[in-house]
Amino acid sequence: MKTFPTKEQILDWIKDNAKTTSKRDIAKAFGITGQDRIELKRILRELRADGHLTKSRNTIREAGKLQNVELLQITAIDADGDLFAEPANWKGEDQAPTILIIPMKGNPVLGIGDKILCRLTKTAEEHAPYEGRLIRKIGSSAAVVLGIFKLAEFGGRVIPVDKKSNKEWMIAPEDRNGAREGELVEATQIGKARMGLPKAKITARLGDASAPKSVSLIAIHEHGIPVTFPDKAEQEAINAKPVKLGKREDLRHLPLFTIDPSDARDHDDAICALPDTDDPKNEGGHIVWVAIADVAHYVRPNSALDREARKRGNSSYFPDRVVPMLPDSLSGDWCSLHEGVDRPCIALEIKLNAAGRKIDHRFTRGLMRSPASLSYEQAQNAADGNPDGDAAPLMLMEHGIKPLWDAYFAVRKETRKRQPLHLDLPERKIVLAEDGEVLSVTFRDRFDAHKLVEEFMVLANVCAAETLESKRIHLLYRVHEEPNPEKLEALRETVESVGLTLAKGQVLKTAQLNKLLDAAAGTEHSEVVSMSVLRSMTQAYYSHSNFGHFGLALKRYAHFTSPIRRYSDLIVHRALIKAHGWGDDGQTPEEEAGLEETAEHISKTERRSMLAERDTTDRYLAAFLSERVGNEFEGKVSGIARFGLFVKLDETGADGIIPISHLGREYFHHDPDARTLTGEKSRTVIGLGMKATVRLAEAVLVTGGLMFELLTLNGKPMKSVPGGRSHGGLNRKHKRAKIRRSKDIKRAKRKM
């Protein structure tokens, strides 16, 4: 058979020939003829399924890239009347780009939800990287908005909570549906009101918008996360019964205990370790057990529970609530590995040598009973020789904690050889009172106990992928591809600006990035290098095809350890059941055939949850800081844009904007490559990672936006201009740029 080009070669060719790319063009370019085109068709189908390509009519193109002409949907109208749109069929891994619609004489009136065909022009703007000019209007769809209801003489108006739009929606008295002043509502567009504003009717009243517990509710509704379970799914969960031993392996003698956050709502993984005393050839070796809740026993393929779990894709976690993937009677009871009760599990026995290298592993379907449910703090105290008398008695420490830590220290040596990426970012913790008020915002403590659990979960996920590959069973991989050339070049320019280097012309490995991070550690450039490395990373996703996991430096990786909260893991459990012949609740032919579609769907639901969780955190932070407007804070420059800069506060990790008009009476040049702003007269250079003292000028609770005034930069006073008074002595070019920036600032404040 003819030697075919690799997937990478095909992708490179498509990037270089974006204007004329069809299957016929690709075949001609690589000299593929006759029956060999069948193989080309298969390769292109895999590339589309994996999210690298998308097909529009007869044109094949790189996913995540826009063509000169695109079908768009209007998503927002700002206070200046500017229209913003997004691609109607976006397939990229990142958030869809925002397109500013340029009005032309004779264009029809457009509103939110309208679909339009536009000719696009690339711009240098970070927050609206394209401009669109209307070719024709395709159609309209009823737009839905979540917002705050305000009474008015003509009936009322709804102010959207979406950060992308602050255009009001008009409500007639007969369409009010009893809504009260300040209430959180959902409204559906029913036409156009005066001045082109959308006219809507209120379809749902969601309670007091000012109540602290409305914060997460706003994000849940804004991002369309399902909250209630269908009656049939609830009934299936209620009908669940305990599992008897039967043909399962009895693991109840093992000290399999759970280690979770103190506020954990479910326990889906348990671990333990024992010295390997049975194999004389493995002196100093370890036997590690990882047991995972057997969710597949309760959630059968194509059941009501399964359909709803797939629809949600994953659980969503907020400071005050969880929107679970499964009903609480399963996630919090029958599927949760509670202390002192029998629970079904799919377990993994891993054999390690004294140096921490995996020698062998095997999976089994078993029944376990956890002797203890520990928090990370309790496990760490026990490991440090300070056990909590109730939760971690001395016997558990001696026969459970100590062998586990010994195994962890061994396997950590092997991990260091592999060189996973060293980025270990702090996690924010928002502490709420019972009524939902924010009591404090801190960073979670991180112990060896956290790293130990992560280490063995990663190892278990690798074992799952290896086993399924060896048994030729189709599965879902967790994929993390290496940075693309554009992001890598931006990283290289940033680190060179602080005196470090990232070599060109080499196959990028995590060891190179770790060397960079280690070189910057402890220096004034540590923050900027860490942030730049993080921004260079692609987003991980699920795929039916294996492209490896760059961040973990692994050739194969599959999520297996959290089936209570991730549908991907349930898919892997079913594949293991099929591979081992454990029962009739394993992977079905229908499920196998739909793996590509499932991978794409759950990758999207994961991103949806991440955005909702981030928006909720931003709003809680704004609420927490709203009573401290006027106070001064320490932070670091976390972002640079044409219209200003962003500062991340050290105390809370909150991000806020400083408009460029607040920086003094001079013009600032924006260098997008170096990510700097430079004062034309003072030559002051503002770059990523610089230490900043700021004053909180504004906190917008509805959107979560914060605005700062810059007081000092790297210890030097700045001549800030509170209120954004105009720059003195600007020429015509600078004035035009200032007008553009003022609009950019409004958009950025809504997106913060």
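Conventions we followed
- Residues numbered from 1 in each chain as written.
- Predicted model: local features only at pLDDT ≥ 70, side-chain atom pairs only at ≥ 80, totals over all residues.
- Heavy atoms only, no water.
- Helix = DSSP H or I, 4+ residues; strand = E, 2+ residues; numbered from the N terminus.
- Buried < 20%, exposed > 50% of the residue type's maximum accessible area, 1.4 Å probe, protein only.
- Contact = heavy atoms within 4.5 Å.
- Areas by Shrake-Rupley, 256 points an atom, 1.4 Å probe, with all protein chains shown as cover.
- Pairing = 2+ DSSP bridges.
- Axes fitted to C-alpha atoms, helices over the stretch in contact; angles between N-to-C directions.
- Salt bridge = Lys/Arg side-chain N within 4 Å of Asp/Glu carboxyl O.
- pLDDT = per-residue confidence, 0-100.
- Expected span 1.5 Å × (residues − 1).
- Patch = residues over 30% accessible without salt bridge, like charges linked within 9 Å, V, L, I, M, F, W, Y side chains within 5 Å.
- Lys, Arg positive; Asp, Glu negative; His and termini not counted.
- Charge placed at Lys NZ, Arg CZ, Asp CG, Glu CD.
- Core = buried A, V, L, I, M, F, W, Y, C linked by side-chain atoms within 4.5 Å.

Q: Outline the overall build of the protein, listing residues and values.
A: The helix and strand tally for the protein stands at 18 helices and 34 strands. Relative to its full complement of 752 residues, the protein shows a buried share of 51%. Within the protein, counting contacts between residues at least 6 apart in sequence, those at least 24 apart form 66% of the total. Total accessible area on the protein is roughly 35,100 Å²; 49% of this is exposed by carbon and sulfur atoms.

Q: So what's going on with the pairing of strand β26 (residues 632–641)? Which residues, and what values?
A: Taken across its 10 residues, β26 has 8 buried, putting it largely inside the fold. Pairing between β26 and strand β32 (residues 691–700): 5 bridges, direction antiparallel. Its bridge partner lying in β32, G635 is registered against A692. From the end of β26 to the start of strand β27 (residues 644–649), which pair antiparallel, there are 2 residues.

Q: Explain unusual backbone geometry residue by residue, including any values.
A: A positive phi angle, close to 65 degrees, is found at N302, a residue other than glycine. In this fold, N302 is placed in the loop between α6 (295–298) and α7 (304–312). Here N302 falls in the exposed class, since its relative accessible area comes to 56%. Phi at R472 takes a positive value of approximately 55 degrees, unusual for a residue other than glycine. Within the element layout of this structure, R472 appears in the loop between α11 (448–470) and β24 (477–479).

Q: So, the sheet that holds strand β20 (residues 358–369): which residues are in play, and what are the values?
A: Reading across from one edge, β13-β20-β19-β16-β15 is the order of the 5 strands in this open sheet, with mixed pairing throughout. The sheet terminates laterally at β13 (249–250) and β15 (269–275), the two strands that pair on one side only. Strand direction decides the pairing type here: β13 and β20, joined by 2 bridges, are parallel. Along β20, the bridge assignment pairs D250 with L367. The sheet contacts of α11 involve β15, β16 (286–293), β19 (342–352) and β20, and relative to β20 the element is tilted by about 100 degrees. Seen against the sheet, helix α15 (residues 567–580) touches β16, β19 and β20 and runs at an angle of roughly 100 degrees to β20.

Q: Pulling in residues and values, what's your account of the pattern of salt bridges?
A: This structure, assessed with the given rule, holds 41 salt bridges. We note a salt bridge from D294 to R248, for which the minimum N-O separation is 2.8 Å. One end of the pair, D294, is in the loop between β16 and α6; the other, R248, is in the loop between α5 (231–238) and β13, with 46 residues separating them in the sequence. Look at R248 and you get buried, because its relative accessible area is 12%. Across the pair E308 and R312 runs a salt bridge whose closest N-O atoms are separated by 3.0 Å. With E308 and R312 both in helix α7 and 4 residues apart, this pair spans about one turn of that helix. Within the structure, one salt-bridge network assembled from shared partners comprises R248, D294, R300, R365, D584 and D585.

Q: Break down the confidence of the model for the protein for me, citing the residues and quoting the values.
A: When pLDDT is averaged across the protein, the result is 85; 87% of the residues are at 70 or more. Contacts for the low-pLDDT stretch residues 724–739, under 50 throughout, to residues beyond four places or in other chains number 20 contacts.

Q: Which residues make up the environment of G548, and what values do they have?
A: Summarising the element assignment, G548 is placed in the loop between β25 (541–543) and α15. When the C-alpha positions of G548 and Y477 are compared, they lie 8.2 Å apart, and in sequence the two are 71 residues distant.

Q: Talk me through the pairing of β19; I want residue IDs and the actual numbers.
A: Extensive coverage of β19 is indicated by the burial of 8 of its 11 residues. Across 11 bridges, β19 lies against β20 in antiparallel orientation. When the bridges of β20 are listed, A347 appears paired with T364.

Q: Requested: an account of α15, with residues and values cited.
A: Helix length check: α15 (14 residues) gives 20 Å between terminal C-alpha atoms against 20 Å at 1.5 Å per residue, within 8%. For α15, the tally of buried residues reaches 12 of 14 residues, placing the bulk of the element in the interior. What α15 keeps buried is the set Y567, S568, D569, L570, I571, V572, H573, R574, A575, L576, I577 and A579. Just past α15, the residue G581 takes up positive phi, approximately 65 degrees.

Q: Which residues make up a positive patch on the surface, and what values do they have?
A: Where like charges cluster on the molecular surface, the positive patch consists of K23, R24, R37, K41 and R45. Mapped onto the positive patch, the elements with two or more residues apiece are α2 (23–29) and α3 (36–49). Among the elements that line the positive patch, the one with the most residues is α3, at 3 residues. Within the secondary structure, K41 sits in helix α3. Among the residues examined, K41 registers a relative accessible area of 46% and is labelled partly exposed.

Q: So, the nonpolar core: which residues are in play, and what are the values?
A: Residues L256, V290, L330, F456 and F560 are the most contacted members of the largest nonpolar core, which totals 83 residues. Among the elements that take part in this core, α11 stands out by supplying 11 residues, more than any other. Filtering out sequence-adjacent residues up to four positions away, L330 remains in contact with A237, A240, Y298, V299, L305, C335 and S336. Formed by 51 residues, the second largest nonpolar core is a distinct cluster that contains V438, L508, Y620 and I686.

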